[in-house]
Amino acid sequence: MKIDILTLFPEMFAPMDHSVMKNAQDKGLLEWACHNFRDFAINRHGHVDDYPYGGGAGMLLRPEPIVHCLEAIPHYQDARVVLVDPIGQPFSQQLAQELAQEDHLIFICGHYEGFDERVRAYVDDQVSLGDYVLTNGELPTMVMVDATVRLIPGVVGNEESIVHESFQVPLLEHPQYTRPLEFRQQLVPEVLMSGHHAKISQWRHRESLRRTYLYRPDLLEDYDPSPQERAWLEEFAAEDQSQDADD
């Protein structure tokens, strides 16, 4: 995969050369580059922003530096261009999986009060990391790139671990344990040491459902549980009622 990033702060992408992103590059699975669209500024002072027509607070990014920078990227017409913007669709694991299928992605990072509206004519997707405000688009872009690149086959060594991660399926990931066997009087669940793979699998499934029920019940709104899962959910609800009564 090839990823190009249009940004005013290329130095913020130093993490791209570490951890999983570095492994992806070392394996030849990822090629990336930052492009400072200030290099395409409208004057020798490096201006890339201006006051909004009609008045208002803050400054807007002008269209020329961004569009000219985009057009300077070889074969940009064949790439999927993502505008990182608060008005966009929420980023999700599903979208990360979709982006991971692309050969060439281009991310445009915002700054100031946003973009001149005409920039949107040159993008394929408008994506937001969440319903909160950050000072720029570089941080959400790094999150999106990381979530996407790690889904490219071969990037993460243990492919099975990805399959069972939270949000890869509608349920959150089950609790996990490692050594020591006991830590401050808390023991590893006995079933995990039984060696009985079917029982372990069932326990993990049940606890995955329980964790989703407790922490992200919204994920279950469109979920169609099996008869066994429905029975477990009824047990969880009964446990909640019993605990409320005790309180």
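Residues numbered from 1 in each chain as written. Predicted model: local features only at pLDDT ≥ 70, side-chain atom pairs only at ≥ 80, totals over all residues. Heavy atoms only, no water.

An unreviewed UniProt entry lists the protein under the name tRNA (guanine-N(1)-)-methyltransferase, from Facklamia languida CCUG 37842.

1. Brief notes about the domain arrangement of the protein
Applied cut-off: Note that the domain bounds reflect an automated or database-derived domain assignment.
Each assigned domain of the protein is listed with its residue range as follows: domain 1 (2–150) and domain 2 (182–246). Here the C-alpha centroids of domain 1 and domain 2 sit 40 Å apart.

2. Remarks on the side chain of Thr141
Filter applied, for reference: Here a helix means four or more residues in a row that DSSP labels H or I, a strand means two or more in a row labelled E, and each is numbered from the N terminus. For every residue, the accessible area (1.4 Å probe, protein chains only) is compared with the maximum for its type, and the residue is labelled buried under 20%, exposed over 50%, or partly exposed between those bounds. By definition, residues are in contact when any of their heavy atoms lie within 4.5 Å.
As for its placement among the helices and strands, Thr141 is situated in helix H4 (residues 138–149). Overall, the relative accessible area of 0% leaves Thr141 in the buried class. In contact with Thr141, not counting residues within four places along its chain, are Ile5, Phe13, Val84, Phe107 and Cys109.

3. Let's talk about the packing of helix H6 (residues 197–215) against helix H7 (residues 227–246)
The test is simple: All axes here are fitted lines through C-alpha atoms, helices being fitted over the stretch that makes contact, and every angle between N-to-C directions spans 0 to 180 degrees. Geometric relationships in this document are graded by angle, where less than 35 degrees denotes roughly parallel, more than 145 denotes roughly antiparallel, 65 to 115 denotes roughly perpendicular, and other angles denote oblique. When the near helix sits turned anticlockwise from the far one by under a right angle, the crossing is termed left-handed; a clockwise turn instead gives a right-handed crossing.
Contact geometry of H6 with H7 gives a least axis separation of 10 Å together with a crossing angle of 50°. Relative to H7, the element H6 is oriented oblique. When you trace H6 past H7, the crossing you get is right-handed. Contact residues: Gln202, His205, Arg206, Leu209, Arg210, Tyr213 and Leu214 in H6; Gln228, Glu229, Trp232, Leu233, Glu235, Phe236, Ala237, Glu239 and Asp240 in H7.

4. So, the sheet that holds strand S7 (residues 125–128)
Applied cut-off: Here, strands pair whenever DSSP counts at least two bridges between them.
Strand order across the open sheet formed by five strands is S2-S1-S6-S5-S7, with parallel pairing between neighbours. At either margin of the open sheet sits one strand with a lone partner, and together these are strand S2 (31–36) and S7. Strand after strand, the sheet turns through a mean of 30° between neighbouring axes, direction not considered. Where strand S1 (residues 2–7) lies against strand S6 (residues 104–109), five bridges are found, and the strand directions are parallel. What sits directly across from Asp4, in S6, is Ile106. The strands that helix H2 (residues 63–71) touches are S1, S2, strand S5 (80–90) and S6; relative to S1, the one it contacts most, it runs at about 160°.

5. Observations concerning the environment of Arg211
Relative to the elements of secondary structure, Arg211 occurs in helix H6. Of the residues examined, Arg211 reaches a relative accessible area of 29% and is grouped as partly exposed. For the pair Arg211 and Thr141, spaced 70 residues apart in sequence, the C-alpha to C-alpha distance is 29 Å. Each residue touching Arg211, except ones within four places of it in the same chain, is listed here: Leu172, Glu173, His174, Pro175 and Arg216.

6. What about the pairing of S2?
For S1 and S2, the ladder comprises six bridges, and the chain directions are parallel. Bridging from a neighbouring strand, Ile5 pairs with Cys34 of S2.

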